[in-house]
Amino acid sequence: MTRLLTVDGLKVDFPTRSGVVEAVRGVSFTLGRERLGIVGESGSGKSQTGRAIMGLTPANARISAERLNFSGIDLLDVPARQRRDLRGKRIAMILQDPKYSLNPVMSIGRQIVETLRAHETIGRAEARDRALAMLEAVQIREASRVFDLYPHEVSGGMGQRAMIAMMLIAGPELLIADEPTSALDVTVQLEILAILYRLVADRGMGLIFISHDLGLVSSFCDRVIVMYAGRIVEELPASELANAEHPYTRGLLNCMPRIGADRHPLPVLDRKPEWAL
Amino acid sequence: MSAALAIEGLRVVYDGHHALKGVSLDVAQGESYGLVGESGSGKSTLLRAIAGLAPVTEGEVSVDGERVGPGRDKAFYRKVQMVFQDPYGSLHPRHTVDRLLLEPLAIHGFTDIEARILRALDEVGLGSGFRFRYSHQLSGGQRQRVAIARALILEPSILLLDEPTSALDASVQAEVLNLLEQVRSDRGLTFLMVSHDLAIVTHMCERLTVMQNGQEVERLSASDLAARTVTKDYTRNLLTASEGFVREGSA
Ligand SMILES: Nc1ncnc2c1ncn2[C@@H]1O[C@H](COP(=O)(O)OP(=O)(O)OP(=O)(O)O)[C@@H](O)[C@H]1O
Ligand SMILES: Nc1ncnc2c1ncn2[C@@H]1O[C@H](COP(=O)(O)OP(=O)(O)OP(=O)(O)O)[C@@H](O)[C@H]1O
Ligand SMILES: [Mg+2]
Ligand SMILES: [Mg+2]
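First, a word on scope: everything that follows refers to the structure included in this document. (Residues numbered from 1 in each chain as written. Chains lettered and ligands numbered in written order. Predicted model: local features only at pLDDT ≥ 70, side-chain atom pairs only at ≥ 80, totals over all residues. Heavy atoms only, no water.)

## Digging into the overall build of chain A
If you tally the helices and strands in chain A, you get 10 helices and 11 strands. The C-alpha radius of gyration of chain A comes to 19 Å, within 12% of the 19 Å expected for a compact globule of 277 residues. Across the 277 residues of chain A, 57% fall into the buried class. Contacts in chain A between residues far apart in sequence, at least 24 positions, make up 65% of those at least 6 positions apart. About 11600 Å² of surface is accessible on chain A, with carbon and sulfur atoms providing 49% of the total. (Helix = DSSP H or I, 4+ residues; strand = E, 2+ residues; numbered from the N terminus. Rg over C-alpha atoms; globule rule 2.2 N^0.38 Å. Buried < 20%, exposed > 50% of the residue type's maximum accessible area, 1.4 Å probe, protein only. Contact = heavy atoms within 4.5 Å. Areas by Shrake-Rupley, 256 points an atom, 1.4 Å probe, with all protein chains shown as cover.)

Quick look at the structure:
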């Protein structure tokens, strides 16, 4: 499989008032044209790992790595301009907080059109048609109404899908999807996953799929990385997730509510200090 | 006994778009009631309308048997609190966690502020180390826990919960769901809760309404849903989709 991305020893630190927060503490993995899932505890560094690859690490953070290489380009040593060109066109990220990440004073449709026109020379009318088609592809009802709405006027799941549409329209080679379907009802969720699935299978896109939905990750992804306290504690084929060995991963699987199971209270994790070493 | 929360024929229109087309439901004192359904079907709008944050054109909302007027006063928010769907939009990014928790206490004239803030942080599993962080310095799940702490800190009797755990990983989700169940039984709270996760709704709620396109599709008990005793195709589709992703060709 052609290698698209190499991450080796990635670290992200935040200096804060109450000391340094080590958000990512030496994360290494490679990605080909496949679906790689990242699961892990809240605060374990999943989003900051994605942001570092995307070049969206906050300015006050310190970032370092042995290697951070995308398709032959050293991402830590690339001129700012080239970095910007990569972003959006070749590498895209669906942010965890879509409504917050969309521009609040520009209509949804215009944001998608502008993204498209930033990457392709294309006429206004055609850009509009493509944007509308993309909104329909992500299962938005009444796409032409939603086209003219502002981010605060759409529902949580509609905002999430607008963000997905905006990221997909430029046809990236690498897509980092941070909880892309967390606000979607299950039927729409499956439609979106089917779109992502085809982009990987047919177009050879590389996908990093960050999610806390273990059932979804095990049925959708090829491989899974499990993170805990800024590190990778386990990596395994997605289909083997149910047989995970690390006690954190096992605990995680056990504490999900299941339809028809009557477990009150739900089992919780007994976190061991040595997991964070 | 009158219901803790009753909604009758609620209709909400945004610039000619009918987001709610006459929805009714009632939630008994101490009950936990679920709302599931299609994205954009009006679930958040229903909660926002109860909280006085959506343009209601028709219908009634009653709390403890008393009809609520068009405005909402301080006493209403003392009783009814809401946890919003996106914790990013609802928490000011340049405010510290301390300030976010202090504000509602100050507005409602509480005195034992220090103890309440520490207890609220502890309840949602955030150590005191988070107290002076800005909300933009938190991960998605940490922010959502601050939002829940902020709603609980006023000790309301009715909680409107809009996807309260969809930003949380499974382990923190279990802790938050347990916490919500615990405070519900300790304080006799009433919940109206939106979730797209049917397992969470059957775990947390006794009854639920399935919504699509601004309307009720069907109303059923959580045990009927778990037993797949449903009458509408849309509900059946939701149950099937809950089983996970099926790769093309393997279906
Ligand atoms: N600007 C910042 N300043 C200080 N600490 C930060 C900042 N941004 C993030 N962090 C911390 O970095 C850690 C990793 O955050 P990250 O957002 O990557 O977590 P996550 O795994 O995506 O969690 P979640 O599942 O809750 O979204 C967290 O403990 C968070 O509090
Ligand atoms: N301020 C507004 N202006 C115009 N339309 C709005 C506004 N707020 C909501 N709507 C519309 O109302 C409809 C219902 O939105 P709502 O947020 O209630 O959906 P939801 O069921 O919560 O969906 P989700 O599961 O995606 O969060 C949507 O079509 C949305 O575009
Ligand atoms: Mg995150
Ligand atoms: Mg909603």
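Next comes the rest of the description.
## Considering the sheet that holds strand β8 (residues 190–194) of chain B
Residues and elements named next belong to chain B. As summarised here, the arrangement of the six strands in space is β6-β7-β8-β3-β9-β10, forming an open sheet in which the pairing is mixed. With partners counted over all chains shown, the strands left at the sheet margins are β6 (80–83) and β10 (215–221), one partner each. Averaged over all neighbouring strand pairs, the angle between strand axes comes to 15°, with direction disregarded. Inspection of the sheet shows strand β7 (residues 158–162) paired to β8 by five bridges, in the parallel sense. Residue pairing for β8: Asp162 is matched across the bridge by Val194. (Pairing = 2+ DSSP bridges. Axes fitted to C-alpha atoms, helices over the stretch in contact; angles between N-to-C directions.)

## As for the site of ligand 2
Neighbouring ligand 2 are 21 residues, the closest being Arg145, Ser155 and Gly157 of chain A together with Ser39 and Thr45 of chain B. Each of chains A and B places residues near ligand 2. Between ligand 2 and Arg145 of chain A, the relevant distance is 2.7 Å, taken from an oxygen atom to a side-chain nitrogen or oxygen of the residue. One nitrogen or oxygen atom from the side chain of Ser155 of chain A is found 2.7 Å from an oxygen atom belonging to ligand 2. Compared with its free state, where it exposes 640 Å², ligand 2 has 92% of that area covered by protein. Class assignment for the residues of the shell around ligand 2 results in six nonpolar, 11 polar and four charged. (Near = heavy atom within 4 Å. Polar contact = N/O pair within 3.5 Å; in protein donor to acceptor, adjacent residues only side chain to side chain. Nonpolar A, V, L, I, M, F, W, Y, C, P; charged D, E, K, R; others polar.)

## Overview of the coordination of the magnesium ion (ligand 3)
Residue and element names in this part refer to chain A. Surrounding the magnesium ion (ligand 3) are the protein donor atoms Ser47 (OG) and Gln96 (OE1), at 2.0 to 2.3 Å. Highlighted residues: Ser47 in helix α1 (residues 46–54) and Gln96 in the loop between β7 (91–94) and α3 (98–101), separated in sequence by 49 residues. Here the two residues Ser47 and Gln96 agree in accessibility, since each one is buried. (Donors = N, O, S within 2.8 Å, 3.2 Å for Na, K, Ca; no water.)

## Re the packing of helix α8 (residues 186–203) of chain A against helix α10 (residues 233–241) of chain B
The contact between α8 of chain A and α10 of chain B brings their axes to 8 Å, and the two run at 50°. By the angle class used here, α8 of chain A and α10 of chain B are oblique. Where α8 of chain A crosses over α10 of chain B, the two elements pack in a sense that is left-handed. Here Val186, Thr187 and Leu190 of chain A of α8 of chain A come into contact with α10 of chain B, specifically with Tyr234, Asn237, Leu238 and Ala241 of chain B. Taken together, the residues that form the contact of α8 of chain A with α10 of chain B break down as five nonpolar, two polar and no charged. (Parallel < 35°, antiparallel > 145°, perpendicular 65-115°, else oblique. Left-handed = near helix turned anticlockwise from the far one by under 90°.)

In short, shape yes, function no, at least from these values alone.
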